[in-house]
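For reference, the chains in residue letters:
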Amino acid sequence: RRQQLNKLRQKEILDELRQKRNKLSEKRHIEPEQGDNKYRNNADVRIFSKRLKKASDKHCKGEPESLSDKACYALPVKEKGKGTTNLIRHSREIVESMNRREARFYTKYFVDDNDEISEISLMYPGWEGFESFALATLAGNKDKDNEYLPMNDLKSTINLIIDHVLADDIAEMFKTSLNKKSVQSAINNSIKNRLLDELYDDIQRYNKMITDIRKNSGKKSWPKYIIERNTAEPRYIQIVNHVIGQTYDRIIGPRVERLTNITSNLDLNYGELNADFIHDIIIRTKIKNNTVFVDLGSGIGNTILYASIATGCTGYGYELRQKLVDLANEQYEEIMTRGKLYGLEIGRVEFLSGDFRDIYINHPNFINILYSADVILANNRTFSPETNQFLYNLFLGLKKGAKVVSLESFEGFEPRGKQSERLFSEIKQFRYRENWVSWTHSDGKFYIATHV
């Protein structure tokens with residue numbers, strides 16, 4: 001009965017959104033372009049015109065046709081009082097998509113579950129929104145270390161909200177109880193011992209408490225029951241890491257095999273900095289909400305997105321490969337909504353595609369952005385000497401005090417025609433720790449140079 005009520009509620013929301021989509025489409029005269037199944041309108045219209053298709057639609061039976069096609073994943077999350085709807089990729093949609101494509105095989109988590117895979121809706125504190133989690137686990141003896149595990153996601157999400165997102169006095173309501181187990185301990189116990197009926201009851205208690213708290217908080221941009229942004233606060237960083245991880249699991253995880261194709265061109269080798277490394281850069285370069293941060297070779301956008309949601313800074317990513325830019329934009333769109341579910345606001349972010357060696361031709365306006373940047377990241381670990389020389393010359397126009405973070409030092413490169421000038425007033429060497437980068441488990445060096 002609970003499952004039927006959940007599905008009925010979701011159907012009502014989807015029907016309402018389809019009506020809004022139709023009105024919006026009539027107003028803006030949206031028509032699909034022929035050939036590539038894309039729309040000639042901005043992102044908020046694509047939300048209504050592409051993502052609200054059912055998973056049974058023709059192009060959703062297999063793998064999504066393009067990296068930006070989210071129709072197979074999305075369900076609505078609505079912001080109260082705003083009159084607009086954004087979408088996140090729900091846990092159960094990822095599981096259904098994986099099983100449908102036979103990329104992974106998930107089976108039911110609860111042995112007394114009559115359905116193949118049940119689902120449960122979890123309310124979030126930041127917005128008037130929910131997420132539908134699949135009550136599933138990976139089948140067989142498959143290595144689960146790097147796989148998406150929906151029950152772990154559900155459990156860690158609830159514990160994170162109670163332990164870190166909610167203010168201490170509010171969180172205490174979930175941790176204590178006079179005549180029965182606390183909500184937090186009851187949920188953890190139901191998941192651990194695979195008690196389906198008890199879990200439904202426990203989640204229902206949790207959802208009602210979250211709903212009541214939101215109703216009693218009043219309409220404020222930053223509710224008192226959610227902790228404020230503070231990059232020096234470990235519990236705040238825990239929230240950021242969780243949101244980044246959830247976004248990665250939903251956007252990158254299903255397509256991670258596509259990122260393993262490394263070309264022989266040194267400038268095209270792919271690698272990512274992990275969250276601890278990015279946070280260390282944020283602290284050392286003092287990135288704040290008024291900082292302009294540029295990543296040259298931004299890949300799937302992890303560095304820019306982490307910095308922007310952690311600090312509220314403005315971020316720009318420049319990446320050669322269009323497919324990686326598409327994934328970065330998908331992550332940005334997901335994280336804008338998902339972050340708000342936890343009370344996080346992301347700063348302005350933009351990703352551009354092109355070869356920065358042709359930047360003067362392809363994106364001349366980006367030069368102004370670069371020269372106004374406070375912090376620039378260049379993962380130049382595998383760049384050719386010619387590319388590093390080009391970057392050095394490009395950095396001649398940086399503003400005074402701008403900081404350049406790099407994996408290889410720019411010391412020794414002389415600006416052509418200006419050998420008497422010093423580009424950096426100082427270049428400091430630091431070490432990143434083990435497992436801080438994707439291409440090796442070892443530690444290593446990185447550099448922060450300050451422009452004169």
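Looking at an unreviewed UniProt entry, one finds the chain named Histone-lysine N-methyltransferase, H3 lysine-79 specific and attributed to Gigaspora margarita. Recorded in UniProt under Subcellular location (unreviewed entry), the annotation for the chain is "Nucleus". Of the comments in the UniProt record for the chain, the one headed Catalytic activity (unreviewed entry) reads "L-lysyl(79)-[histone H3] + 3 S-adenosyl-L-methionine = N(6),N(6),N(6)-trimethyl-L-lysyl(79)-[histone H3] + 3 S-adenosyl-L-homocysteine + 3 H(+)".

> Give a description of the overall build of the chain that names residues and reports values.
Broken down by element type, the chain carries 14 helices and 12 strands. A separation of at least 24 residues holds for 68% of the contacts in the chain among residues at least 6 apart in sequence. A total accessible area of about 22100 Å² is found for the chain, and carbon and sulfur atoms account for 46% of it.

> Report on the packing of aromatic side chains, specifying residues and quantitative values.
Taken as a whole and assessed by the stated rule, the structure comprises 11 aromatic pairs. Each member of the aromatic cluster is reached from another via a ring pair, and the members are F277, F430, Y432, W436 and F446. One residue, R194, lies across the ring of Y109, its end atom 4.0 Å from the ring centre. One residue, R381, lies across the ring of W439, its end atom 4.0 Å from the ring centre.

> Explain the nonpolar core residue by residue, including any values.
Membership of the largest hydrophobic core comes to 84 residues, with the highest contact counts inside it found for L135, L154, F174, Y206, F277 and Y342. When sequence neighbours within four positions are dropped, the list of residues in contact with F277 reads L407, Y432, W436, V437 and F446. Within the second largest apolar cluster, 28 residues are counted, among which are V292, Y316, L352 and Y392.

> Give a detailed account of the pairing of strand β5 (residues 130-138), specifying residues and quantitative values.
Where burial is concerned, most of β5 is hidden: nine out of the nine residues are buried. The pairing of strand β3 (residues 106-108) with β5 spans three bridges and is antiparallel. In the strand pairing of β5, T107 is matched with T137. As defined by bridge partners, strand β4 (residues 118-123) adjoins β5 across six bridges and the pair is classed as antiparallel. By the bridge assignment for β5, M123 is matched with F130.

> Requested: an account of helix α11 (residues 322-341), with residues and values cited.
Counted at 1.5 Å a residue, the expected span for α11 with its 20 residues is 28 Å, and the 29 Å between its end C-alpha atoms agrees. Along α11, the helix axis deviates most sharply at I335, where the bend reaches about 30°. Within α11, 14 of the 20 residues are buried, which leaves it mostly tucked inside the rest of the structure.

> Help me get a handle on the packing of helix α4 (residues 150-165) against helix α6 (residues 183-192), residues and values and all.
Packing of α4 against α6 brings their axes to within 11 Å, and their N-to-C directions diverge by 170°. One finds that α4 runs roughly antiparallel with respect to α6. Seen from α4, the contacting residues are M151, L154, K155, I158, N159, I162 and D163; seen from α6, they are Q184, I187, N188 and I191. Here the residues of the contact of α4 with α6 are counted per class, giving six nonpolar, three polar and two charged.

> Kindly report on the pattern of salt bridges, identifying the contributing residues and their values.
Proximity of charged atoms lets side chains of opposite charge pair with each other. Going through the model one piece at a time under the given rule, you end up with 18 salt bridges. Residues R250 and D153 are paired through a salt bridge, measuring 2.6 Å at the closest nitrogen-oxygen approach. Taken together, the residues R250 in helix α8 (residues 234-251) and D153 in helix α4 connect sequence positions 97 residues apart. Of the two residues, R250 and D153, both sit in the buried class. For K175, the salt bridge identified is with D163, shortest N-O distance 3.4 Å. Placement of the pair is K175 in helix α5 (residues 168-175) and D163 in helix α4, with a sequence separation of 12 residues. Classification of D163 by relative accessible area gives partly exposed; the value is 30%. Each of E131, D153, R250, E334 and R338 takes part in one network of salt bridges that share partners.

> So what's going on with the sheet that holds strand β12 (residues 444-451)? Which residues, and what values?
Strands sit in the order β8-β7-β6-β9-β10-β12-β11 across an open sheet of seven strands; the sheet is mixed. Looking at which strands have only one partner, the edges of the open sheet turn out to be β8 (349-353) and β11 (424-432). For this sheet, the mean inter-axis angle between neighbouring strands, taken without regard to orientation, is 15°. Relative to strand β10 (residues 403-406), strand β9 (residues 375-378) runs parallel, the two sharing four bridges. For V375, the partnering residue across the bridge sits in β10 and is K403.

Conventions adopted
Residues numbered from 1 in each chain as written. Predicted model: local features only at pLDDT ≥ 70, side-chain atom pairs only at ≥ 80, totals over all residues. Heavy atoms only, no water. UniProt positions renumbered as here; feature names shortened; annotations may be inferred. Helix = DSSP H or I, 4+ residues; strand = E, 2+ residues; numbered from the N terminus. Contact = heavy atoms within 4.5 Å. Areas by Shrake-Rupley, 256 points an atom, 1.4 Å probe, with all protein chains shown as cover. Phe/Tyr/Trp six-rings, centres within 6.5 Å; stacked < 30°, edge-to-face > 60°. Lys NZ or Arg CZ within 6 Å of the ring centre and 35° of its normal. Core = buried A, V, L, I, M, F, W, Y, C linked by side-chain atoms within 4.5 Å. Buried < 20%, exposed > 50% of the residue type's maximum accessible area, 1.4 Å probe, protein only. Pairing = 2+ DSSP bridges. Expected span 1.5 Å × (residues − 1). Bend = angle between axes of the 7 residues up to and from the residue. Axes fitted to C-alpha atoms, helices over the stretch in contact; angles between N-to-C directions. Parallel < 35°, antiparallel > 145°, perpendicular 65-115°, else oblique. Nonpolar A, V, L, I, M, F, W, Y, C, P; charged D, E, K, R; others polar. Salt bridge = Lys/Arg side-chain N within 4 Å of Asp/Glu carboxyl O.

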